[in-house]
Amino acid sequence: MTLLTDAERDCLRLVFQHMTSKDIARQLGVSPHTVDMRLRQATRKLEVTNRIEAARALVHTEILLGIA
């Protein structure tokens, strides 16, 4: 998961909590466009098909590594 930026990981963790891009943007103090861009990049890097799969992959890996 080191291939993800801190910002991408932050967005994915919030997706895992069922937050929308607008809600994530509000919480992180960025635009919804920025959130969507970060999520697209993370999805591509993790080679999954959508943001939900990317969020699950991140959280699963963090649990296995004892980070979460």
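Nothing here was measured: the structure is a model prediction, and the numbers come from that model.

Q: So what's going on with the overall build of the chain? Which residues, and what values?
A: A tally of helices and strands in the chain yields 4 helices and 0 strands. Along its sequence from the N terminus, the chain presents helices and strands in the succession α-α-α-α. Scaling as 2.2 N^0.38, a compact globule of 68 residues should have a C-alpha radius of gyration of about 11 Å, and the chain matches this with 11 Å. Dimensions of the chain along its principal axes, counting C-alpha atoms only, are 30 × 20 × 20 Å. In the chain, buried positions account for 32% of the 68 residues. Considering only intrachain contacts with a sequence separation of at least 6, the fraction spanning at least 24 residues in the chain is 55%.

Q: Explain unusual backbone geometry to me, using residue names and the numbers behind them.
A: Phi at His-18 takes a positive value of approximately 65 degrees, unusual for a residue other than glycine. What makes His-18 exposed here is its relative accessible area of 74%. One non-glycine residue with positive phi stands out, namely Glu-47, at about 55 degrees. Position of Glu-47 among the secondary structure elements: in the loop between α3 (32–46) and α4 (51–65).

Q: Outline the pattern of salt bridges, supporting the account with residue identities and numerical values.
A: The final tally for this structure, using the stated rule, is 6 salt bridges. Among the salt bridges present, the one from Asp-10 reaches Arg-13, with a minimum N-O distance of 3.1 Å. Here the residue Asp-10 and the residue Arg-13 both occupy positions in helix α1 (residues 6–16), the gap between them amounting to 3 residues, near one helical turn. Exposure remark for Asp-10: the relative accessible area of 33% places this residue in the partly exposed category. Residues Arg-13 and Glu-62 are paired through a salt bridge, measuring 2.6 Å at the closest nitrogen-oxygen approach.

Q: Run through α1, naming residues and quoting values.
A: Every buried residue of α1 is listed here: Glu-8, Arg-9, Cys-11, Leu-12, Leu-14 and Val-15. Against the buried residues of α1 lie α2 (21–28), α3 and α4.

What counts, and at which threshold
Residues numbered from 1 in each chain as written. Predicted model: local features only at pLDDT ≥ 70, side-chain atom pairs only at ≥ 80, totals over all residues. Heavy atoms only, no water. Helix = DSSP H or I, 4+ residues; strand = E, 2+ residues; numbered from the N terminus. Rg over C-alpha atoms; globule rule 2.2 N^0.38 Å. Buried < 20%, exposed > 50% of the residue type's maximum accessible area, 1.4 Å probe, protein only. Contact = heavy atoms within 4.5 Å. Salt bridge = Lys/Arg side-chain N within 4 Å of Asp/Glu carboxyl O.

In short, shape yes, function no, at least from these values alone.
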